[in-house]
Amino acid sequence: MTTTAKVKQTEVLRRLPPYVFAELDRLKAAARSRGATLVDLGIGSPDIPVAPTIIDELARAARDPSAHGYPPFRGVPRFFDAIGAYMQSRFDIAVDPPREALALSGAKEGLAQLVMSLCGPGDSVLVPEIYYPVYARSAWLSGAEVSWIPMRARDGFVLDLDAISEEDARRARVLIVNYPNNPTGARVELEFYERAVAFARQHDLVLVSDLAYSELTFDGSPAPSALQVEGASEVTIEFHSFSKTFSMAGLRIGFAVGNSDAIEALAAYRTNTGYGTPTAVQHAAAFALDNRLELVPPKVAAYKARRDAMAAAFEAEGWRIPVPDASMYLWLPVPEGVDDWSWVQTLIDEDGVVVTPGVAFGAGGKGFFRISLVRDAKTLTEAAKLIAGRRSRMTI
Ligand SMILES: Cc1ncc(COP(=O)(O)O)c(C=O)c1O
């Protein structure tokens, strides 16, 4: 295929830093071309199928011709009703969904669109120094800058909001937080959100809470919502996802909820660039929310059993790992004295196990790697043995 001078990505797109996951794909493809079979614990794409009852509802809705035209821009009434009931029963928060919620084709695009609807050149976004890539990339795509919020192992990966400089706080339009956290598995209590909401008020910015892992907690205590803080909806918008909780990653569905002006900005961006989220998928998601008390516990039990199987396998090999209380990941230190990329590449090339280097989540992730719990316990146990064995041989 030829390239022409006319097809030229914008300056902004070309200047984005390389996407680490693309480099990981290259390493995987190279290993596969040499005949390797890989156990891919890199990307966090759930292997557990969507519940049959959700699929039945999807099929039913898809057969109804009223779902075949363009969907309403913001969301179908049934999905709004389910969001309202969920926010009430799960978090004890009363929301008026048509005004304070919006259907999305996944939290990721919603997060990006929100940043792009609120920020432009001269603005800045406060992003954790260990972060889900879209937070920073959407800021850069909008022409805004990123200021990093310290997020350290010694603080249990809870953001140090006090360490944000006055200057960074003054320039920021948006502050993004994500707990339960990808990739570290850290979680916070309501007290953290109280401080984040107070920070947003004090510095006149929008608090964006990414709650994609809200239901995946393992100690029986549910994760809070930032919107539970008194008056939070004056400054807060929150993003929810069906990808992990209901394994619906491939159906692309989520929602935003919270401050009505932020919802309005997001809706304005979306209306100008696309249509709403497919109607049939919204019906399936509404069904999932309405039946969460039956559908979620088996998911939590599965990820917990996988986490425990891996932790036990590591321990049997003499490595006591930090065991997270939430999410579907293990976040582990790269062996001392070993370069992050050599570690990941050796695991792929020598052991056939794919993990993600921590630097995929920003400079703050250096020295760590992430394992996604997206295979059954037996496969994960085997992988843990291989990883632990490699660690003993590579540790200096
Ligand atoms: C922290 C976080 N937020 C958002 C998402 C994306 O969610 P969705 O699939 O709903 O776009 C992910 C997916 O891995 C994630 O880890």
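Residues numbered from 1 in each chain as written. Predicted model: local features only at pLDDT ≥ 70, side-chain atom pairs only at ≥ 80, totals over all residues.

Colleague: Help me understand the sheet that holds strand S8 (residues 254-258) in this model?
Modeller: Adjacent strands of a sheet form backbone hydrogen bonds with each other and so pair up, either parallel or antiparallel. Here we have seven strands laid out as an open sheet, ordered S2-S8-S7-S6-S5-S3-S4, and mixed in their pairing. With one partner strand each, in any of the chains shown, strand S2 (101-104) and strand S4 (145-149) form the two edges of the open sheet. Each adjacent strand pair in this sheet contributes to an overall mean axis angle of 20°, direction not counted. Sheet topology note: the strand S3 (residues 124-128)/S4 ladder contains five bridges and is parallel. (Pairing = 2+ DSSP bridges. Helix = DSSP H or I, 4+ residues; strand = E, 2+ residues; numbered from the N terminus. Axes fitted to C-alpha atoms, helices over the stretch in contact; angles between N-to-C directions.)

Colleague: Would you mind going over the sheet that holds strand S11 (residues 356-357) with me for this structure?
Modeller: Reading across from one edge, S9-S12-S11 is the order of the three strands in this open sheet, with antiparallel pairing throughout. Only two strands of the sheet have a single neighbouring strand rather than two, namely strand S9 (329-333) and S11. Strand direction decides the pairing type here: S11 and strand S12 (residues 368-372), joined by two bridges, are antiparallel. Each residue of the ladder has a partner; that of Thr-356, found in S12, is Arg-370.

Colleague: Could you clarify how one ought to interpret the pairing of S8 in this entry?
Modeller: Look at any regular strand and the pattern is simple: side chains alternate between the two faces of the sheet. By the criterion of burial, S8 is predominantly enclosed, with five of the five residues buried. Burial along S8 is two-sided: the face carrying Gly-254, Ala-256 and Gly-258 and the face carrying Phe-255 and Val-257 are both buried. Note: S2 against S8, four bridges, orientation antiparallel. Bridge pairing in S8 links Leu-102 to Ala-256. The pairing of strand S7 (residues 236-241) with S8 spans five bridges and is classified as antiparallel. In the sheet register, Phe-239 faces S8, and the bridge partner there is Ala-256. (Buried ≥ 20, exposed ≤ 12 C-beta atoms within 10 Å, placed from the backbone.)

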